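Fold and geometry: a report
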Amino acid sequence: MTAQTSTTRLTVAQALVRFLAAQYTERDGVRQRLIGATWGIFGHGNVAGLGQALIEYGDDMPFHQGRNEQSMVHAAVGYARQSNRLSTHAVTTSIGPGATNLVTGAALATVNHIPVLLLPGDIFATRVADPVLQQLEVPYAGDVSVNDTLRPVSRYFDRVTRPEALIPAALQAMRVLTDPVETGAVTLALPQDVQAEAYDWPDEFFAERTWVVRRPGADPTELAEAVRAIRAARRPLIVAGGGVHHSRAEEALAEFAEATGIPVASTQAGKGSLRYDHPQDVGGVGHTGTATADELARTADLVIGVGTRYTDFTTASNTLFAADGVRFLNLNIAPYDGHKLAGLPLVADARSGLGELTAALQTHGHRVTDAYVTEYSEDKERWEQRVDACYEAEEPDVRPTQPQVLGALDALADESDVIINAAGSLPGDLHKLWRARSRDQYHLEYGYSCMGYEIPAAIGVKLAAPERNVWALVGDGTYLMMPTEIVTAVQEGIAIKILLVQNHGYASIGGLSESVGGERFGTAYRYTSDDGTFTGAPLPVDLAANVASLGMRVLRAKTVRELREALAEARRADTPTCVYVETETADTVSGPPPAQAWWDVPVAETATRPSAVKARELYERHVSTRRRHL
């Protein structure tokens, strides 16, 4: 005889909610829930399934009401990043546009290696009603729905067409979410009829499970090669990426840098790996980096990448690391990234690998020369003086420049503040100028650079760290993309702060357009002129009034002095608060130091307009400096 397995009869949606509520992660002895809450917008594809299940088990699964499906994913990503990828949120939508609206958010999560669980509704698995409302009919494949658009942007995808299929699908989903190499967006497409179908589930399915997030150490052979490379280098440079933060390797990085004297530059995702005033911190690297870090990169004979993907912004489109014979040593938990730029791979968790490197080098007493330390320390001091000059406002009763806006916030913030941004001209200014005071203060989403990320991500961060002051920094172009979750912040009393900069258009793309011969065409928010271009007067759009109409308190600031006062008042507020300030228009410069390294945006090879011809000549000069690291 076989032992009887105890079961519980539930719908698929009910079983999934109960299962998710019992999943945990553990790293370094700390255990927490994997799925902290579920976001949702309900329609006919999920209201009777997951909607009903979330009511049925509301005590086990907190729920947040979203206004836009993409922004719900952004909120989940913000929560997961603030939680060191050890906890995340689920997102449920209806079928059709509700599901396809997830695609951008899913791509953002996967590009940035941030876990988020997507639960879109799907068409009938039984096909008794075919086609259903919002179904995409594909003549060559009856099993394709719009949810298949999520396949290429998901790290794991499954369609649960039978109740019992949920068991392996759910377990595989948790495996990927908790894998530090594989993690990203995970999609379980849920046909609406299957969601409501009942099944006798084995009770073991609902038992608590703890998914251990591993910290693999380095292979001894790779470690020995890494130590030899570092000892042979005269001008090594560390490039700290987002993997430092994901691993909580900041202290290990500081110990390594202090022991060896090797300077540390940071990518957008890695900024804050060392405090700005740490002796070995030399600021951002790449196209939006500091002059100090970029000059060190040009002359480095060994580049030690720690948890970085080496995007084109970091490498200045493969023109930055220019020294003859430069080599790369890549400490990364992902073998794919560890082998980039023909580098020596050191495949390991960032914290584990740095600790092993520090110990191995200390046995040799290895350290860079005092002359090298003096060189980068003096260069860093000169750069800090440039930052001071950008932040300084000699006339406090005039309209601020964008760097002065950042300076006012920089003077007010302490290590408890979190600064969130993603797109526009602000990332470049922040990477060059912002003085990161804690490991998680600087929250830039620059893997996908998605306009509209900032406000919902701020909500997610605030939910993960309610004791922190969380600032969403947005320009007007970004704000108009996705302001809807302001309503959620007001509804739930989530006291985020928004710093809304009005500059009448896409300032960043306007500057880029000008540099490539595009003459800022279509980048300003202005009336059309007689020739059909957008060169008329600025549009009379009152963004502050729009924010207020969504229920958020707004503080308007016209001058530097008023801005300082408004920021201080917003920081003290315990309700959602926006500070609105107008800076220069999109067709003027923002005032920060110019780019210290190139970025490849191809320029028209043939043109008659002088601006494009000149831009092409400059482009060809830059292209000639590109190299392949083989």
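For the structure, see preceding data.
Residues numbered from 1 in each chain as written. Predicted model: local features only at pLDDT ≥ 70, side-chain atom pairs only at ≥ 80, totals over all residues. Heavy atoms only, no water.

**Section: the side chain of Asn332**
This is how the line gets drawn: Strands are runs of DSSP state E lasting at least two residues, helices are runs of H or I lasting at least four, and both sets are numbered from the N terminus onward. For each residue, the accessible area found with a 1.4 Å probe, counting protein chains only, is set against the maximum for its type, and the residue is called buried under 20%, exposed over 50%, and partly exposed in between.
Structurally, the position occupied by Asn332 is in strand E16 (residues 327–332). The class for Asn332 is buried, based on a relative accessible area of 8%.

**Thoughts on the sheet that holds strand E20 (residues 469–475)**
Applied cut-off: By the convention used here, strands pair only if DSSP detects at least 2 bridges between them. Here an axis means a line fitted to C-alpha atoms, over the contact stretch when the element is a helix, while the angle between two N-to-C directions is reported on a 0 to 180 degree scale. In this description, contact between two residues means that some pair of their heavy atoms is separated by no more than 4.5 Å.
One open sheet holds the 6 strands; their spatial order is E19-E18-E20-E21-E23-E22, and the pairing between them is parallel. The outermost strands of the open sheet, each flanked by one partner alone, are strand E19 (442–444) and strand E22 (553–557). The average angle at which neighbouring strand axes cross in this sheet is 20 degrees, direction not considered. The pairing of strand E18 (residues 417–421) with E20 spans 4 bridges and is parallel. When the bridges of E20 are listed, Ile420 appears paired with Ala472. Strands E18, E19 and E20 of the sheet are contacted by helix H17 (residues 426–433), whose axis makes an angle of about 150 degrees with E19.

**Looking at the sheet that holds strand E2 (residues 23–27)**
Spatially, 3 strands are ordered E3-E2-E11 in an open sheet, and the strand pairing comes out mixed. The open sheet has two edge strands, strand E3 (30–33) and strand E11 (209–212), and neither has a second partner. Averaged over all adjacent pairs, the angle separating strand axes in this sheet is 30 degrees, with direction ignored. Bridging between E2 and E3 involves 4 bridges; their strand directions are antiparallel.

**Details of unusual backbone geometry**
Cis geometry marks the peptide bond from Asp130 to Pro131; its omega dihedral reads 5 degrees. Residues other than glycine seldom take positive phi values, yet Gln134 does so here, at roughly 75 degrees. With respect to the helices, strands and loops of the structure, Gln134 is situated in the loop between strand E7 (116–122) and strand E8 (156–159). You can call Gln134 partly exposed: its relative accessible area is 36%. Unlike most non-glycine residues, Ala342 shows phi in positive territory, near 55 degrees. With respect to the secondary-structure elements, Ala342 resides in the loop between helix H13 (335–338) and strand E17 (344–347).

**Side note on the pattern of salt bridges**
Just so we agree on the cut-off: Whenever Lys or Arg places a side-chain nitrogen within 4 Å of a carboxyl oxygen from Asp or Glu, that contact is recorded as a salt bridge.
Under the counting rule described, the total for this entry stands at 33 salt bridges. In this structure, Asp122 and Arg159 form a salt bridge, with 2.7 Å as the shortest nitrogen-oxygen distance. Taken together, the positions of Asp122 in strand E7 and Arg159 in strand E8 put the pair 37 residues apart, joining distant regions of the chain. Assigned by exposure class, Asp122 and Arg159 land together as buried. Two residues, Arg437 and Asp410, come together in a salt bridge whose shortest N-O distance is 3.2 Å. You can see Arg437 sitting in the loop between H17 and E19 and its partner Asp410 sitting in helix H16 (residues 402–412), a full 27 residues away along the chain.

**Concerning H17**
For H17, a buried count of 8 out of 8 residues is recorded, marking the element as mostly surrounded by other parts of the structure. Residues of H17 that are buried: Leu426, Pro427, Gly428, Asp429, Leu430, His431, Lys432 and Leu433.

**Focus: the packing of helix H1 (residues 12–21) against helix H2 (residues 47–56)**
Stated precisely, the cut-off is as follows: Angle categories: roughly parallel below 35 degrees, roughly antiparallel above 145, roughly perpendicular from 65 to 115, and oblique for all the rest. Helix crossings are classified by the rotation of the near helix relative to the far one: an anticlockwise turn of less than a right angle makes the crossing left-handed, while a clockwise turn makes it right-handed.
Where H1 contacts H2, the axes come no closer than 8 Å and their chain directions differ by 50 degrees. When the axis of H1 is compared with that of H2, the two are oblique. For H1 against H2, the interelement crossing comes out right-handed. Every residue of H2 that contacts H1 at Ala13, Gln14, Leu16 and Val17 is listed here: Gly49, Leu50, Gln52, Ala53, Leu54 and Glu56.

**Structural notes on the pairing of strand E12 (residues 236–240)**
Most of E12 is tucked away, with 5 of its 5 residues classed as buried. In E12, alternate side chains face the same way, and those of Pro236, Ile238 and Ala240 on one face and Leu237 and Val239 on the other are all buried. Alignment of E12 against strand E15 (residues 302–306), held across 5 bridges, turns out to be parallel. Bridge pairing in E15 links Leu237 to Val303. The pairing of E12 with strand E13 (residues 264–266) spans 3 bridges and is parallel. Across the sheet, the residue bridging to Ile238 is Val264, located in E13.

Keep in mind that these numbers describe shape and distance, not what the molecule does.
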